[in-house]
Amino acid sequence: MMMSDNTKDRAARSSKKRGSISSLSNHEFWRKEIHGRTKDSTSTVSYMDEPSQRDDVSRLTVQMENTYQLGPPKHFPAIIVNHILKDVLTSYLQVEEYEPELCRQMTKTISEVIKARVKDLMIPRYKLIVIVHIGQLNRQSILIGSRCLWDPKNDTFSSYVFRNSSLFALANVYAVYLE
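Residues numbered from 1 in each chain as written. Predicted model: local features only at pLDDT ≥ 70, side-chain atom pairs only at ≥ 80, totals over all residues. Heavy atoms only, no water.

Per an unreviewed UniProt entry, the recorded name for the protein chain is Tctex1 domain-containing protein 1, and the organism is Macaca fascicularis. Here the protein chain is described in UniProt, under the heading Sequence similarities (unreviewed entry), as follows: "Belongs to the dynein light chain Tctex-type family." (UniProt positions renumbered as here; feature names shortened; annotations may be inferred.)

Okay, the nonpolar core next. Phe76, Leu93, Ile110, Ile114, Ile134 and Val173 are the most contacted members of the largest nonpolar core, which totals 25 residues. Mapped onto this core, the elements with two or more residues apiece are helix H4 (78-93), helix H5 (100-119), strand E3 (126-136) and strand E5 (167-177). (Core = buried A, V, L, I, M, F, W, Y, C linked by side-chain atoms within 4.5 Å. Buried < 20%, exposed > 50% of the residue type's maximum accessible area, 1.4 Å probe, protein only. Helix = DSSP H or I, 4+ residues; strand = E, 2+ residues; numbered from the N terminus.)

With the rule as written, the count across this model stands at 5 aromatic pairs. Aromatic pair tyrosine 126 and tyrosine 177: ring centres 5.6 Å apart, planes at 65 degrees, arrangement edge-to-face. With tyrosine 126 in strand E3 and tyrosine 177 in strand E5, this residue pair connects regions lying 51 residues apart in the sequence. A network of ring pairs unites the aromatic residues Phe76, Tyr126 and Tyr177 as a single cluster. (Phe/Tyr/Trp six-rings, centres within 6.5 Å; stacked < 30°, edge-to-face > 60°.)

Empty space within the largest pocket amounts to approximately 250 Å³. Lining the largest pocket are 13 residues, with Ile142, Ile144, Val161, Arg163 and Phe168 positioned closest to its centre. Counting only elements with at least two residues in the lining of the largest pocket, the list comes to E3, strand E4 (156-163) and E5. Per-element tally for the lining of the largest pocket: the top contributor is E3, with 4 residues. Of the residues that constitute the lining of the largest pocket, the class distribution is 7 nonpolar, 5 polar and 1 charged. (1 Å grid on protein atoms, 1.4 Å probe; cavity = no way out; pocket = protein on both sides within 12 Å on 5 of 7 lines; lining within 4 Å. Points joined across faces, edges and corners; volume = space filled by probe spheres on them. Nonpolar A, V, L, I, M, F, W, Y, C, P; charged D, E, K, R; others polar.)

Given below as structure tokens:
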């Protein structure tokens, strides 16, 4: 059976997009060697060149070896982080008046800025948690507490309170060591 030129062109174009593997059985291979030609039909297994989504996920997964390191190589610099907290809170809130909607947005912005500046210190193997509270200063008191399960040898925190004429702000950075 002969293939037309159009069919050959289509087959050539499709083979560029996907590969194909032909298989000949031992009997067909033997027949080809003896008679110089094979049977008219051969089996073909096709595959696509494009990787599946599952392949992408498996490539992105990195298998890490155990380090057996039980403590941090360098401790979290709480004093430097306190200076960062003071810097950021002062620069963002020095002249601000208390407005509930503005302060709600400012807590998100300030916490992201603090987290970015502390991450720039490149302290290895610490998980950072940043919490910022902003409230109105109007002859009232407030008690803010936090609890966490952690290792007192390796885990620590930094805290700073800022006040101006109309608002107060409390920023906490918790550094929890990851083994």
